[in-house]
Amino acid sequence: MRQLGSLVRPILEFCAALGRRLHFLVTSLTLIPSTLARPRQFVEQLFYVGSVSVILIAVGGLFVGLVLALQFYTALSRFGATSSLGGLVALALLRELGPVLTALLFAGRAGTSLASELGLMRATRQIDAMEVMAVDPMRRVVAPRFLAGILAMPLLAAIFSAMGVLGSYLIGIKMMGLDPGVFWSSMRHEVRFHADLVNGMVKSLIFGVACSLISLYEGFHARPTAEGVGQATTRSVVISSMAILALDFLLTSFMY
Amino acid sequence: MRPIRTLEVITGLFVLLGVAALFYLATQTTNYRTYGGQSYEVKAFFNNVGGLHVGAPVRMGGVTVGRVTVIRYSMKRYQAEVDLLISDHYDKIPADSTAAILTQGVLGEQYIGVSPGGAPTFLHNGSTIHFTQSAIILENLLGQLLTHGGHSGK
Amino acid sequence: MTTPSSSRQLTGSADFILPSGRNTIRVQDVDFGYGSRVVFSGLDLTVPEGQITAILGPSGSGKSTLIELMTGQKKALRGQVEVGGEEVGALSRQALYRLRRRMGVLFQDGALFTDLSVFENVAFPVREHTHLAEALIHHLVFMKLEAVGLRGAHSLYPSELSGGMARRVALARSIVLDPLIMFYDEPLVGLDPIAMGMILRLIVHLNRSLGITSVIVSHDVTEMLEVADWCYLIAEGRVQGAGSPAVIREMESPWVRQFVSGSAEGPVPFHYPSREYTADLFGKVRPA
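Only a predicted model underlies this, so the values are computations on that prediction, with no experimental measurement involved.

*Asks:* Help me get a handle on the overall build of chain A, residues and values and all.
*Replies:* A tally of helices and strands in chain A yields 10 helices and 0 strands. If you list the helices and strands of chain A from N to C, you get α-α-α-α-α-α-α-α-α-α. Looking at chain A as a whole, 52% of its 256 residues are labelled buried.

*Asks:* Would you mind going over the interface of chain B and chain A in detail, with residue names and values included?
*Replies:* Taken residue by residue, the interface counts 26 residues in chain B and 30 residues in chain A. At the level of secondary structure, the elements contributing two or more residues to the side of chain B that touches chain A comprise helix 1 (6-29) and helix 2 (32-35) of chain B. For the side of chain B that touches chain A, the leading source of residues is helix 1 of chain B, giving 14 residues. Here the residues of the side of chain B that touches chain A are counted per class, giving 14 nonpolar, 10 polar and 2 charged.

*Asks:* Any details on helix 6 (residues 163-175) of chain C? Residues and values, ideally.
*Replies:* Residue and element names in this part refer to chain C. Compared with the 18 Å implied by 1.5 Å per residue over 13 residues, the 19 Å span of helix 6 between its first and last C-alpha is a close match. Burial runs high along helix 6: 11 of the 13 residues are buried. Within the sequence span of helix 6, burial applies to Met 165, Ala 166, Arg 167, Arg 168, Val 169, Ala 170, Leu 171, Ala 172, Arg 173, Ser 174 and Ile 175. Buried-residue contacts for helix 6 involve strand 6 (103-106), helix 4 (118-129), helix 5 (134-147), strand 7 (181-185) and helix 7 (193-210).

*Asks:* Tell me about the environment of Phe47(A), residues and numbers included.
*Replies:* Considering the arrangement of structural elements, one finds Phe47(A) in helix 3 (residues 39-49). Given 21 C-beta atoms within 10 Å, Phe47(A) falls into the buried group. Separated by 142 residues in sequence, Phe47(A) and His189(A) have C-alpha atoms that sit 36 Å apart. The residues touching Phe47(A), leaving out its near neighbours within four places in the chain, are Leu7(B), Ile10(B) and Thr11(B).

*Asks:* Tell me about the interface of chain C and chain A, residues and numbers included.
*Replies:* Contact with chain C, which involves 13 residues of that partner, is made by 10 residues of chain A. Elements represented by at least two residues in the side of chain C that touches chain A include exactly helix 3 (93-100), strand 6 and helix 4 of chain C. Partitioned by chemical class, the residues of the side of chain C that touches chain A number 7 nonpolar, 2 polar and 4 charged.

*Asks:* Hey, could you go over the confidence of the model for chain C for me, with residue numbers and the actual values?
*Replies:* Chain-level pLDDT for chain C is 85 on average; 92% of the residues reach the 70-or-more range. Under a pLDDT of 50 for its full length, residues 1-15 of chain C has, in the predicted model, 17 contacts with residues more than four places off or in other chains.

*Asks:* Hey, could you go over the sheet that holds strand 1 (residues 25-34) of chain C for me, with residue numbers and the actual values?
*Replies:* Residue and element names in this part refer to chain C. Strand order in the open sheet made by the 4 strands is 2-1-4-5, with antiparallel pairing throughout. In the strand order of this sheet, the two ends are held by strand 2 (37-47) and strand 5 (86-87), each with one partner. Both strand 4 (residues 78-83) and strand 5 contribute to a ladder of 2 bridges, which runs antiparallel. Across the sheet, the residue bridging to Glu 82 is Glu 87, located in strand 5. Relative to strand 1, helix 2 (residues 63-70) is tilted by about 120°, and along the sheet it contacts strand 1, strand 2 and strand 4.

Each value, and the rule that gives it
- Residues numbered from 1 in each chain as written.
- Chains lettered and ligands numbered in written order.
- Predicted model: local features only at pLDDT ≥ 70, side-chain atom pairs only at ≥ 80, totals over all residues.
- Helix = DSSP H or I, 4+ residues; strand = E, 2+ residues; numbered from the N terminus.
- Buried ≥ 20, exposed ≤ 12 C-beta atoms within 10 Å, placed from the backbone.
- Contact = placed C-beta atoms within 7 Å.
- Nonpolar A, V, L, I, M, F, W, Y, C, P; charged D, E, K, R; others polar.
- Expected span 1.5 Å × (residues − 1).
- pLDDT = per-residue confidence, 0-100.
- Pairing = 2+ DSSP bridges.
- Axes fitted to C-alpha atoms, helices over the stretch in contact; angles between N-to-C directions.

Next up, the structure:
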């Protein structure tokens, strides 16, 4: 009986942890309308979550595009198929690398700052102060950040992919001297609007939900000590990254 | 009047940048322009389609007006049958226009180039382009040059 | 408002009837703990309306937890916490929020919102709970800042304030919507004597002029015995003594005597339980 208990307990604890996060998700989602009614806080959070990540995302996208183009060019030239370079790079970016790498960078940049900010508010009792002022911290603190995270992610992913395409253009045409017409038409040829671009954006939106949810949850429920804030920040990156990669596999197998 | 806050301006710029990137990706890297929206379908028969494949653009004067949706072999006419989806924006293409399979650059993608004729009637959904010019096959061309004779394919 | 303080100090017996009303807080037979750690067992106390009640006890005696029970942030494991006849633990979220709008809490370190200026911190509850015009909010905030003497600091940020100033701003924020009950969680901790005096003056002033029911949780016995109308001494999860300051000063319980006089000798030992000193010095070296 006791052995059975020690076997069942971790499972129950896992279910409870999942349930608490689901409750957190549903509460945040139901509070979105009240966030939209007071757009100022939301705009402010969009700045802290989105605008500050633009440089990182743009530079990241550019380098990934450069590297992809170089690697694909070397590989394709062995088959004499360098005319497909544009299409291949664009497909890789829009379907996979854009959404996933953006989400991972987002988890490291915006996710950690959300987690540590909320953890700090918890530790310095700002969340308690709101609570006793009869102001719901879920509505005032969590919901605007959550919505901002959801909206920022696809926009950032689009910037990432666009910069990646630019990077591959620089390598393919400026450096390797491919014909621009061939390069661009292979892209338009291979990439389908709905199946590739729209699905990539849907992926990115779902990563946005997961990433914001995990970071906010970890921060909001951080232990109210300096150590607790640090742990919450670390956990937010680790859990977000795993969730992004696992979700990516699931979504890819459903979508394509 | 409320003062303009830098933070709000930057956030607005961020959203604009994101939307612009999305628009750029949609129009420059995908087949979005000829995919969505209203369009009509016409047929064309070719002796040889060469390396043409589904999704290839249909162009008039270099402007993409549609794309190839189906390529099959017609057992009635013993010719390749190609379905072209053309955007409704271009609904005044003369019925006697010519469709040719052309190559972009020396070894680039193949596409269908449409040159307008002079007929007062226009192509519509289900109509057929009668005047076609097949893909130029390099081997055939070389063969003809070497023998100094024969007739080029219509 | 209340009985004059001179008549109150003469009485301290159990049959003294404390003034009660809508803002009376009753804690009855409350148990509370975290896991296996017991904080309260069978705690009973009453906070009279319109007076300053000091809850005194050593560090770690759960005094701050008591405030959290009264504001409904934590729920008692057993027993009732009633505010004006309403049982806090049984209220719905909405009803609890309605009750909290009658309350103000001054946290130990102020708990100011670090990303907002002093003005916006004080304006925060007003913006959240009312739809007043900007001009009116401005007046209201400046009146409260004037009351705590920090009108000139309205544009500073919390990181630019000293501990005492931060606590005064937090006080202005908690009274901006005119609460009927104020909770002060260790209001004097970490303050220099001047700042301490300022905070005490404000607490007394708010109570005397507006009749705010005030609960102060503290371990600064000397200061509290001076300002409080009524005191509770809490230790080991129970009330160890109750009464007016005069009564507390005269109490004979050795524990109360030690706590009030602040001496190292008494029932609360200076040494953490250990084995014989000589055994540690001359015996075998204990594994770390």
